[in-house]
Amino acid sequence: MFKLIKQLTSLVAVFAVLIGFTTESMAAKKSKTLKNTQKQGFVKCGVSQGLPGFSNADAAGNWTGVDVDVCRAVAAAVLGDASKVKFTPLSAKERFTALTSGEIDVLSRNTTWTLSRDADIGLTFVGVNFYDGQGFMVRKNSGISSVNDFKNGISACTNIGTTTELNMRDFFNSRGISYEPVAFEKADEVVAAYDAGRCDTYTTDKSGLAAQRTKMSNPDDHIVLPETISKEPLGPVVRQGDAVWEDIVRWSLNTMIEAEEYGVNSANADMMKTSENPAIKRIVGSEGEMGTALGLDNDWSLRIIKQVGNYGESYKRNIADTGILPDRGPNEIWTKGGLLYTPPAR
Amino acid sequence: MNSKIKKLIPQLLTLAFVALIFGFFSYNAQLNMENRGITFGYGFLSQESSFDVQFSLIEYDGSHTYFRAYLVGLLNTILVSVIGIIIATILGVLIGIARLSPNFLINNFAAFYVEFFRNIPLLLQIFFWYFAALRALPLPENAEAIFGVSYLTIKGFYVPAFIWENFDIFFYSIVAAIISIIVIRIYAKKLRDTEGKQLPVFYISIGLLIILPLISFLFGGVNLSFQIPQLKQLALTSFIYEGGVSIPPELIALTLALSLYTATFIAECVRAGIQGVSKGQKEAAASIGLTPNQVLKLVIMPQALRIIIPPTTNQYLNLTKNSSLAAAIAYPDLVLVFAGTALMQTGRAIEIVSITMLTYLSLSVSISIFMNWYNKKIAIKEK
């Protein structure tokens, strides 16, 4: 009996602490995910099992990549420290279940935004951090220089559980070419099998091809064909039903893009506080109350830019300087002819 | 209180407890899914799957339904399990007997084989056979012909395709042969029981199995021709064979790994079974004038089998379940096709995982039931 009372009191204490936490801002009160994140002190982020340029861990376990930077930006905004992220490497197959079950709170894992994913399985895409498209890699000495050279009986290595499998079928079917799909669960096995000569071509998103090419035994023996056979807008995903958290992740990404558009970067962010341009002042938080609306303080965006950098810095650091895709192509700010265009932060 | 009721109460309580736990979890799952806007249902099974599969025993492409994709995966799982079980059994029996051989070389080779293959994790063995095979096998254009008609290459094992004329007549001739063999066996048993005469049943059976189909070829209009695989160039350095049947390297590697691994365990079962029959049985059988062959067939094996069958059943079940590792090397089994691609494309994790679990359960239970029936059949009949 005595023990029971003891247990009850501790239970009441736990509830009291929980209630205590809820007396924060309105937004925080509404968002369970934000509250939990602040309580546990880190952002739970799902990433790939290793895709150079997007999310890749080095030997010491440090994660880098443009997808990783989205999670770091969220951590900088919510917790004030971009390093407070717990990364969970996930296979293509596991990723959505991990998100909907609450194992992670942000999925930033080169995931294509499609209608059925957005609408059907309890997910919400918050934006696009990389415009990609599916392509083909072949051996240079095969003489294949375009997808028009593909003939009946070609074998294509790829991953399961991605839009790639569907696009591949659409592509070969529309051209009336019979093909042999060889689909592996993990990307490393796809690369190994293609490299060994099991398949004539390796197909996935072009950024993935460029990144995986660096892992081949002899990267110069392979080329990526010029054609793009699909639209693959990749972006971070959150669970459906937590609008505040969704907004935080969306605007963390938008801030990075908007900062680049207005020329704000990690080096000049502090100086920009006194800029003449009100748009820039809003980005660095010296004008307006942008943070409050999200349930955060007003320095949230400044921290993102200072700790993670703007989108261009992230791209340069992870994708251009590593030689994966030096040319930004569609992933350039709209004012410079690219597709990156965010709603204004005001 | 009645003692019957007293006994019933704990059982009812246990049942209620189990029901409560199950109810708690399914209620939670339902609530969580509702909260996250996930709908539940099996309607997706009739939707178009829109993905292709590398290798299928039935006609399938992306325009078929998810249910058909499920069947494709299931049949591929059954295919690799059946081939694996057959090879593992033959190999296991041979190795098991070899371990009892008085010959030092045979005996030690068998012991080495068992210790080597059963002590390396199966997944590693699957990777080894797959990637070793991929590295070691020639590209199609460099492949040497086997008997002039088959080619073992990195892209698959190309064998001639059989083209039958009047296959049904050939099929009936085999059925007829099997029926007549059964009749002859019954007659031979009767003859032995009543008159003590032994008929050479084995040779008669083989003869029937050869002669009847042969007659169907000579007089029944049955004809068999082969389509031999021909090399075809796809690009400067890319070739395949066309016209024959292609057995994918994934299937070969998986079968090889599964049967080599499981054979070690079956070999141990066989050895235990034979050693479990006491030496006196063999000596007694020899002393009444049975030949060594008859001793093995009539005295040793019937007793050994009773020891061998139950643990071997376990190994068959293991092999079937282990075949789900196929996903690692792109063999399109149930896990890869259904619990992999289909799960991803539909996002219906609970539905698909539950179907997959039930399927493996049914497969295992079917094997169990069959093996239990066989075990009962050979068990000692107490009189």
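**Student:** What is the right way to read helix α4 (residues 122-136) of chain B from this model?
**Tutor:** Side chains three or four residues apart in an α-helix point the same way, a direct result of the helix having 3.6 residues per turn. The first and last C-alpha atoms of α4 of chain B sit 20 Å apart over 15 residues, in line with the 21 Å expected at 1.5 Å per residue. In the core, the buried residues of α4 of chain B are packed alongside α8 (187-196) of chain A together with α7 (249-275) of chain B.

**Student:** Please clarify how helix α3 (residues 32-40) of chain A should be interpreted in this entry.
**Tutor:** Those residues of α3 of chain A that fall on the buried side of the exposure criterion are Thr33, Leu34, Lys35 and Thr37 of chain A. The positive-phi residue at the C-terminal boundary of α3 of chain A is glycine 41 of chain A, with phi of around 85 degrees.

**Student:** Quick question: what am I supposed to make of the sheet that holds strand β12 (residues 222-224) of chain A here?
**Tutor:** Two strands in a sheet stick together by hydrogen bonds in their backbones, pointing the same way (parallel) or opposite ways (antiparallel). Residues and elements named next belong to chain A. Taken together, 5 strands build an open sheet; the order of strands is β10-β9-β11-β8-β12 and the sheet is mixed. Each edge of the open sheet is held by one strand with a lone partner, namely β10 (179-184) and β12. Each strand axis lies, on average, 25 degrees off the axis of its neighbour in the sheet, ignoring direction. The pairing of strand β9 (residues 154-159) with β10 spans 6 bridges and is parallel. Note on β10: the bridge partner recorded for alanine 156 is proline 181. Seen against the sheet, helix α7 (residues 163-174) touches β8 (134-139), β9, β10 and β11 (201-205) and runs at an angle of roughly 160 degrees to β9.

**Student:** How should the domain arrangement of chain B be read in this particular structure?
**Tutor:** Accessible area lost upon the coming together of the parts serves often as the stated size of an interface. Structurally, chain B comprises domain 1 (3-38), domain 2 (46-156 + 245-378) and domain 3 (169-219). Taking the mean C-alpha position of each, domain 2 of chain B and domain 3 of chain B sit 31 Å from one another.

**Student:** For this particular structure, what's the right way to read the packing of helix α2 (residues 66-98) of chain B against α7 of chain B?
**Tutor:** Residue and element names in this part refer to chain B. Close contact between α2 and α7 brings their axes to 6 Å; oriented N to C, the two are set at 40 degrees. With respect to their mutual orientation, α2 and α7 come out oblique. Considering only the axes of α2 and α7, their crossing is right-handed. Side by side, α2 and α7 meet where Val80, Ile83, Gly84, Ile87, Ala88, Thr89, Leu91, Gly92, Val93, Ile95, Gly96 and Ile97 of the first sit next to Leu251, Leu254, Thr255, Leu258, Ser259, Thr262, Ala263, Ile266, Ala267, Glu268, Val270 and Arg271 of the second.

**Student:** How do you make sense of the interface of chain B and chain A when you look at a structure like this?
**Tutor:** Residue-level contacts link 34 residues of chain B with 40 residues of chain A. Within the residue set of the side of chain B that touches chain A, elements represented by two or more residues are α4, β6 (230-235), β7 (238-242) and α10 (334-346) of chain B. Sorting elements by how many residues they give to the side of chain B that touches chain A places α10 of chain B first, with 5 residues. Taken together, the residues of the side of chain B that touches chain A sort by class into 18 nonpolar, 10 polar and 6 charged.

**Student:** I keep staring at the sheet that holds strand β8 (residues 245-247) of chain B and nothing clicks. Help me out?
**Tutor:** All names here are of chain B. Read across the open sheet, the 4 strands follow the order β1-β2-β3-β8; overall the sheet is antiparallel. Where the open sheet ends on each side, the last strands, each with one partner, are β1 (145-146) and β8. With 3 bridges connecting them, strand β3 (residues 156-159) and β8 associate as antiparallel partners. Paired with phenylalanine 157 across the two strands is isoleucine 247, which belongs to β8.

About the cut-offs
- Residues numbered from 1 in each chain as written.
- Chains lettered and ligands numbered in written order.
- Predicted model: local features only at pLDDT ≥ 70, side-chain atom pairs only at ≥ 80, totals over all residues.
- Helix = DSSP H or I, 4+ residues; strand = E, 2+ residues; numbered from the N terminus.
- Expected span 1.5 Å × (residues − 1).
- Contact = placed C-beta atoms within 7 Å.
- Buried ≥ 20, exposed ≤ 12 C-beta atoms within 10 Å, placed from the backbone.
- Pairing = 2+ DSSP bridges.
- Axes fitted to C-alpha atoms, helices over the stretch in contact; angles between N-to-C directions.
- Domains from an automatic or database assignment.
- Parallel < 35°, antiparallel > 145°, perpendicular 65-115°, else oblique.
- Left-handed = near helix turned anticlockwise from the far one by under 90°.
- Nonpolar A, V, L, I, M, F, W, Y, C, P; charged D, E, K, R; others polar.

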